[in-house]
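Below, each chain spelled out in residue letters.
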Amino acid sequence: MSADSPRFTPSAFRDRARAVLPPLRSGPAGGFEPVAGASDFDLNPDLAARNVSADALRAARPAAVLIPAIARPVVTLLFTLRTEHLSAHAGQIAFPGGKCEPQDADPLATALRETHEEIGLDPALVEPVGSLDCYLTGTGFCITPVIGLVPPDVPLTLDRNEVAETFEVPLPFLMDLSNYQRHTRTIAGVERHFYAIPFGGRFIWGATAGILRHMCQRIF
């Protein structure tokens, strides 16, 4: 897709997302009946057969992430780079977010709370435009991705224990399926296939790449 396509302006992206995505989920963060839009098992049908089911979704731990869409003339998405010393997913590229807590009213509340904790983004500056269906991870989380428009150049305060840095990637690049690669790794003795998006020396893979690919398919 051309980077100068009018579909990637903030207003066009907002209108498109609101037109094609379901309303933001309401009610307790873990209290809705999840619908799987994508999962870590999409490229592993032998694993999907026993891991992607209604029962597996209900048993999964609810979580939410914010997909911060920066309202530049051509929209960009904001990512975090996790610090190297974390016990899980160290050094990986992710969206800000985490598991739902009892005090969270809904997945949007989870995403905004976690984003504020991780990178200091003021929730009042986020304009929610829609949510994607749940992404089921191999570690047993059901992640609801929430898309929100954010003004450019807002002040951020990173939690240096969790986040090494943030960076942006142009939305047209991420919404072009030709930029997605298939990779293979052996994880816990099992060969796993997954999507990856190389960009400017960075390597976006796993659940983050899977969520992005699902976003591309749903919106564009």
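Data block above holds the structure.
The numbers attached to residues start from 1 for each chain and follow its sequence in the written order. Selection of residues for local features in this predicted model requires a pLDDT of at least 70, selection of side-chain atom pairs for listing and counting requires 80 or more, and totals for whole chains, interfaces and linings are taken over all residues. Working from all heavy atoms in the structure, the side-chain values ignore hydrogens and water.

Glancing now at the sheet that holds strand S10 (residues 181-187). Strand order in the open sheet formed by 3 strands is S10-S11-S12, and the pairing between neighbours is antiparallel. With partners counted over all chains shown, the strands left at the sheet margins are S10 and strand S12 (202-205), one partner each. Going across the sheet, the axis of each strand differs from the next one's by a mean of 45 degrees, ignoring polarity. When DSSP finds two or more bridges between a pair of strands, those strands are recorded as paired. The way it works is that DSSP assigns letters per residue, a run of H or I at least four long becomes a helix, a run of E at least two long becomes a strand, and they are numbered from the N terminus. Where S10 lies against strand S11 (residues 190-199), 7 bridges are found, and the strand directions are antiparallel. Residue Arg185 lies in a different strand from S11, and its bridge partner there is Arg192. To get an axis, a line is fitted to the C-alpha atoms, and for a helix only the part in contact is used. The angle between two axes follows their N-to-C directions and goes from 0 to 180 degrees.

Given a helix with a known number of residues, its expected span is that number minus one, times 1.5 Å. Taking 1.5 Å per residue, 14 residues should reach 20 Å; helix H6 (residues 206-219) reaches 20 Å between its end C-alpha atoms and fits that length. For the exposure calls, accessible area comes from a 1.4 Å probe over protein chains only, and a residue counts as buried if that area is under 20% of its type's maximum, exposed if over 50%, partly exposed in between. Gly206, Thr208, Ala209, Gly210, Ile211, Leu212, Arg213, His214, Met215, Cys216 and Ile219 are the residues of H6 that are buried.

For this document, the term salt bridge refers to a Lys or Arg side-chain nitrogen within 4 Å of an Asp or Glu carboxyl oxygen. Inspection of the entire model under this criterion finds 8 salt bridges. Between Glu127 and Arg18 there is a salt bridge, with its nearest N and O atoms 3.0 Å apart. One end of the pair, Glu127, is in strand S6 (residues 127-131); the other, Arg18, is in helix H1 (residues 10-20), with 109 residues separating them in the sequence. For Glu127, a relative accessible area of 26% puts it in the partly exposed group. Arg18 gets classed as partly exposed once you look at its relative accessible area, which sits at 45%. Two residues, Glu117 and Arg113, come together in a salt bridge whose shortest N-O distance is 3.3 Å. In this pair, Glu117 and Arg113 both sit in helix H4 (residues 107-119), 4 residues apart, roughly one turn of the helix. Taking the relative accessible area as the measure of exposure, Glu117 reaches 44% and is therefore partly exposed. Classification of Arg113 by relative accessible area gives buried; the value is 18%. Sharing partners across several salt bridges, the network here consists of Asp104, Arg113, Glu114 and Glu117.

Within a regular beta strand, the side chains point alternately toward one face of the sheet and then the other, so they alternate between its two faces. Counting buried positions along strand S3 (residues 76-82) gives 6 out of 7 residues, so the element sits mostly inside the fold. Taken together, the 2 bridges between strand S2 (residues 61-70) and S3 define a ladder with antiparallel strand orientation. Directly across from Ala69, in S3, lies its bridge partner Leu77. In sequence, S2 turns back onto S3 through a hairpin of 5 residues. Note that S3 and strand S9 (residues 163-170) share 7 bridges and pair antiparallel. Looking at the pairing, Phe79 lines up with Phe167 of S9. With 2 bridges connecting them, S3 and strand S4 (residues 93-94) associate as antiparallel partners. The partner of Leu81 across the bridge, within S4, is Ile93.

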